[in-house]
Amino acid sequence: MTIHKMIDYEKNIKMRSNVRIENKKPKSGHKNNRCESKYLACPECDLLLQQILAVAGDKVHCPRCDYLLHRPRDQSISRTFALSLAGLFLLFPANFLPMIGVKALGSYHDGTLLDGAFTLFREGMWGVAILVFFSSIFFPVLSIVLSLLISGHLYFNRPNRHLSFWLRTLQHIDEWAMLEVYLIGIIVACVKLASMAELKFGLGLTAFVLLLFVSLMLANNFDRALFWQRIEQLKIHEKK
Amino acid sequence: MKKNNTALEQGLISCHDCGKLAQKTIELAVCSRCGGTLHSRLPHSFQRTFALLVSGFALYIPANLFPIMTVTKLGVGEPHTILGGIVALIYGDMLPIAMLVLVASILVPLLKLLGLSLLLLCVHYRWQVNAKIWTRMYRIISFVGRWSMLDIFMISILVSLVQLGSVAQVIAGSAAATSFASVVILTMFAAKSFDPRLIWDVQNNI
């Protein structure tokens, strides 16, 4: 499919799918449940829309504010499971192996990911240290662990009463895990240091870059609507 | 004439966490699917965003006035403010990196503070605007916010790496770094607490 055709296709979906509902009150009363699952509201402009069936590759936008409502992914759950497993293995080398070493006038010093936060803490800047610790270590670790827990339960069809709490937490911390910003920080720091010292890159940095790729792929593969749907199904199944 | 096409006007609430629609009730309700508290609009969105923004503006001043780090080479130290660090990068023939730092640590926080203030003004004075463009502005503001952390990360890396005793040492400026980090955090929370649906609510003829 050429690019031009793909764009056309996307436009088509946009027009066909989200027909505005004007002056049409959803039926109330006992048919409520069926009605509620048939409609959805845009999270950014609150426009009431009709739910449509989209397949992987489609992008469903809100017709009024252009918000990306839904972007289904192929095998989202199994891919999330596999990627978060890979991320779990990468967490240890990325956090504990030395990333960059500095050599100048005979003395050598190297640092791991953890050192950044701890040095600031030792220097008495505990506020910034906590912020760096949370955004570069704690939230990335937590988001990979939560992804693994959620996708594992969904993959093996195991209901758990904490599932929805986990997914809600995952959605809230998503913005605060800043591995990609940290990588740019490393690059800028290296450029500044290059003139005054010799730099050595360790295995920790390789693991860190791989971890970053895994978490970007995780975010890309995550199909929010599908995850919530499956959690609801598991809940209903458990009640029966 | 306003058409009844939003969830609020139809007496429905969309769950902020999982997107499930629910009937609006008088008392506070939780979502049947995910257990999150249901709100038609984020509670006290205007006041919260306003308070966070004012603190952000106040802290933006010390963040730029105080030196954010001191580089000591062979016993001679030179303190740098954020802007000074960028100037040093330009003199060191590293223009692309200088531009990157300029955008991430000066322009982004400033434009974010101003952009959110405009959004608040728009909601408060019920400006009739092209809501689609303003919603897009909000989306950009909430997306770029995290990139301001670049400077903080860079300092933490430099401080932990450059500890070569008397040869070279980098010391972080506590006052500037803390207030700059606070500006980033406060504006991220401000963007999070602003509800873009308010822009659409104040438009008369949509």
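Predicted model, so just to flag it, every value in this text is computed and none were measured.

The rules behind the values
For every chain, the first residue of its written sequence is number 1, and the numbers climb from 1 along that sequence. A letter from A marks each chain and a number from 1 marks each ligand, given out in the order of writing. For this predicted model, a pLDDT threshold of at least 70 governs which residues receive local features, and a threshold of 80 or more governs which side-chain atom pairs are given and counted, while totals over whole chains, interfaces and linings are taken from all residues. In computing side-chain values, all of the structure's heavy atoms are included and hydrogens and water are not. Take a side-chain nitrogen of Lys or Arg and a carboxyl oxygen of Asp or Glu: if they are within 4 Å of each other, that pair is a salt bridge. A helix here means a DSSP run of H or I that spans at least four residues, while a strand means a run of E at least two residues long, and both kinds are numbered starting from the N terminus. Only protein chains enter the accessibility calculation, which uses a 1.4 Å probe. A residue is then buried if its area is under 20% of the maximum for its type, exposed if over 50%, and partly exposed in between. For two strands to be treated as a pair, DSSP must find at least two bridges joining them. The nonpolar core is taken to be a set of buried Ala, Val, Leu, Ile, Met, Phe, Trp, Tyr and Cys residues, with the residues joined through side-chain atoms within 4.5 Å. Every axis in this analysis is a line fitted to C-alpha atoms, fitted for helices over the stretch in contact. Angles between the N-to-C directions lie between 0 and 180 degrees. Take the far helix as your reference; a near helix turned counterclockwise from it by less than a right angle gives a left-handed crossing, and one turned clockwise gives a right-handed crossing. When checking whether two residues touch, look at their non-hydrogen atoms; a contact exists if any pair is within 4.5 Å. Throughout, the ten residues Ala, Val, Leu, Ile, Met, Phe, Trp, Tyr, Cys and Pro are labelled nonpolar, Asp, Glu, Lys and Arg are labelled charged, and all others, Gly among them, are labelled polar.

A. Here's a closer look at the pattern of salt bridges. Evaluated as defined, the whole model comprises 10 salt bridges over all chains. Residues R139 of chain B and E44 of chain A are paired through a salt bridge, measuring 2.7 Å at the closest nitrogen-oxygen approach. On the criterion of chain membership, the pair formed by R139 of chain B in helix 4 (residues 131–144) and E44 of chain A in the loop between strand 1 (39–41) and strand 2 (48–50) is interchain, its members lying in two chains. Between K20 of chain B and E232 of chain A there is a salt bridge, and its shortest N-O distance comes to 3.0 Å. With K20 of chain B in the loop between strand 1 (12–14) and strand 2 (21–23) and E232 of chain A in helix 9 (residues 224–239), the pair connects residues from two separate chains. Among the charged side chains, a salt-bridge network with shared partners connects D46 of chain A together with R41 and D201 of chain B.

B. Spotlight on the pairing of strand 5 (residues 100–104) of chain A. All names here are of chain A. The buried count for strand 5 comes to four of five residues, which makes it a mostly enclosed element. Note: strand 5 against strand 6 (residues 107–111), five bridges, orientation antiparallel. Across the sheet, residue A104 finds its bridge partner in strand 6, namely S107. Between strand 5 and strand 6, which follow one another and run antiparallel, lie two residues, and L105 among them has a positive phi close to 50°. Looking at chain direction, strand 5 and strand 7 (residues 198–201) are connected through four bridges and run antiparallel. Of the residues in strand 7, the one forming a bridge with V102 is L199.

C. Spotlight on the nonpolar core. Core analysis: the largest hydrophobic core is formed by 129 residues, its most contacted members being I186 and F208 of chain A. Y39, A41 and L48 of chain A together with L12 of chain B belong to the second-largest nonpolar core, a separate cluster that totals six residues.

D. Broad picture of the packing of helix 3 (residues 76–96) of chain A against helix 5 (residues 126–155) of chain A. Residues and elements named next belong to chain A. It is at 8 Å that the axes of helix 3 and helix 5 come closest, and there the two elements cross at 145°. Considering only the axes of helix 3 and helix 5, their crossing is left-handed. Across the interface between the two elements, I77, S78, T80, F81, S84, L85, G87, L88, L91 and N95 of helix 3 pack against I137, V141, I144, V145, S147, L148, S151, G152, L154 and Y155 of helix 5. For the contact of helix 3 with helix 5, the class distribution of residues is 12 nonpolar, eight polar and no charged.

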